[in-house]
Amino acid sequence: MTDDSTADDRTAVPRSTWRMLGLVLGTAVVVWLADLLSKEWVIANLAEGEQRPVLGELLQWHFVRNPGAAFSLAAGSTWIFTILAAAVVIFIVTQLRSIRSRLWAAAFGGLLGGTLGNLTDRLTREPGFFVGHVIDFIQVWGFPAIFNIADIFIVSSMIGVVLLVLLNIGLDGVRHTDEPKRERAVEVDHDATQPLDPDDRPGDRPGDRA
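If you're wondering where the values come from, they're calculated on a predicted model, not measured in any experiment.

Chemist: Explanation requested: the pairing of strand 3 (residues 134-140) in the structure shown.
Modeler: Strand residues, when the strand is regular, have side chains that alternate between the two faces of the sheet. Buried residues dominate strand 3, accounting for 5 of its 7 residues. Relative to strand 3, strand 2 (residues 59-66) is paired through 6 bridges, and the arrangement is antiparallel. Of the residues in strand 3, the one forming a bridge with Asn66 is Val134.

Below, the structure is given as structure tokens:
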């Protein structure tokens, strides 16, 4: 008969898993809300195409609707980016229980929140479901594209992921190396460790005596 308490212990989710799950989802919610509220503010306060200086020419609000990807690439393939965004969300969700690292949790949370932010636009904005245009409004002098808060977190999170991979830090938070673990086998010389028989000691045998 199986003890019910033992079975529950085996199936229970560790507290560390819940903490990492909370960090990922908490970060994602904060990023998603910040992106959504900023876009709603832009729609309510700026006309499409309007530019408003914030720090002179260095930083401006410039309201545009982006049908494509970053830098307005592939403007006629909005549905492709909707599918890719959904795939990213699904991938992150499938990896949640494997995360034991705060760095990975923060990176995945930022990426999840940013991806959901732009995915929300593609599903709910004009011209329609699945092909909606993303609201962009941040323009920085010298930068070749207008972007939004979701884009900032997507790019910064991806940079974080690349750095974690280059540093060989796994989802468990352990830094893995390419060198195989070397197990040092200690060879014991049994003849050297065993006490000598009295008859074998030098000087004790009849032939060894002077």
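Chemist: Looking at this model, I keep getting lost on the packing of helix 4 (residues 102-124) against helix 5 (residues 149-166). Mind explaining?
Modeler: In a pair of packed helices, the angle between the axes and the distance between the axes together describe the arrangement. Put simply, helix 4 and helix 5 touch, their axes get as near as 8 Å, and they point 150° apart. With respect to helix 5, the element helix 4 is oriented roughly antiparallel. Every pair of crossing elements has a handedness; the one defined by helix 4 and helix 5 is left-handed. Across the interface between the two elements, Leu103, Trp104, Ala107, Phe108, Gly110, Leu111, Gly114, Thr115, Gly117 and Asn118 of helix 4 pack against Ala150, Asp151, Phe153, Ile154, Ser157, Met158, Val161, Leu164 and Val165 of helix 5. Of the residues assigned to the contact of helix 4 with helix 5, the class counts are 12 nonpolar, 6 polar and 1 charged.

Chemist: Looking at this structure, how should I read the sheet that holds strand 1 (residues 51-53)?
Modeler: Pairing between the strands of a sheet is mediated by backbone hydrogen bonds and can be parallel or antiparallel. The strand order across the open sheet built from 3 strands is 1-2-3, with neighbouring strands paired in antiparallel fashion. Because the sheet does not close on itself, it has two edges, and the strands there are strand 1 and strand 3. Strand-to-strand twist of the sheet, defined as the mean angle between neighbouring strand axes without regard to direction, takes the value 25°. By the bridge criterion, 3 bridges tie strand 1 to strand 2 in an arrangement that is antiparallel.

Chemist: Explain the packing of aromatic side chains to me, please; I cannot follow it from the model alone.
Modeler: We describe a pair of aromatic rings using the distance from one ring centre to the other and the angle between the two ring planes. Counted according to the given criterion, the structure contains 5 aromatic pairs. Summarising the aromatic geometry, the rings of Trp61 and Phe137 are spaced 5.6 Å apart at their centres and angled 65° between planes, so their arrangement reads as edge-to-face. On the criterion of sequence distance, the pair formed by Trp61 in strand 2 and Phe137 in strand 3 is long-range, its members being 76 residues apart. Seen from their ring centres, Phe91 and Phe108 are 6.5 Å apart, and the 80° between their planes marks the pair as edge-to-face. Note that Phe91 is positioned in helix 3 (residues 78-95) and Phe108 in helix 4, a separation of 17 residues in sequence. Put simply, the rings of Phe91, Trp104 and Phe108 touch in pairs and so form one group of aromatic residues.

About the criteria used
Residues numbered from 1 in each chain as written. Predicted model: local features only at pLDDT ≥ 70, side-chain atom pairs only at ≥ 80, totals over all residues. Heavy atoms only, no water. Buried < 20%, exposed > 50% of the residue type's maximum accessible area, 1.4 Å probe, protein only. Helix = DSSP H or I, 4+ residues; strand = E, 2+ residues; numbered from the N terminus. Pairing = 2+ DSSP bridges. Axes fitted to C-alpha atoms, helices over the stretch in contact; angles between N-to-C directions. Parallel < 35°, antiparallel > 145°, perpendicular 65-115°, else oblique. Left-handed = near helix turned anticlockwise from the far one by under 90°. Contact = heavy atoms within 4.5 Å. Nonpolar A, V, L, I, M, F, W, Y, C, P; charged D, E, K, R; others polar. Phe/Tyr/Trp six-rings, centres within 6.5 Å; stacked < 30°, edge-to-face > 60°.

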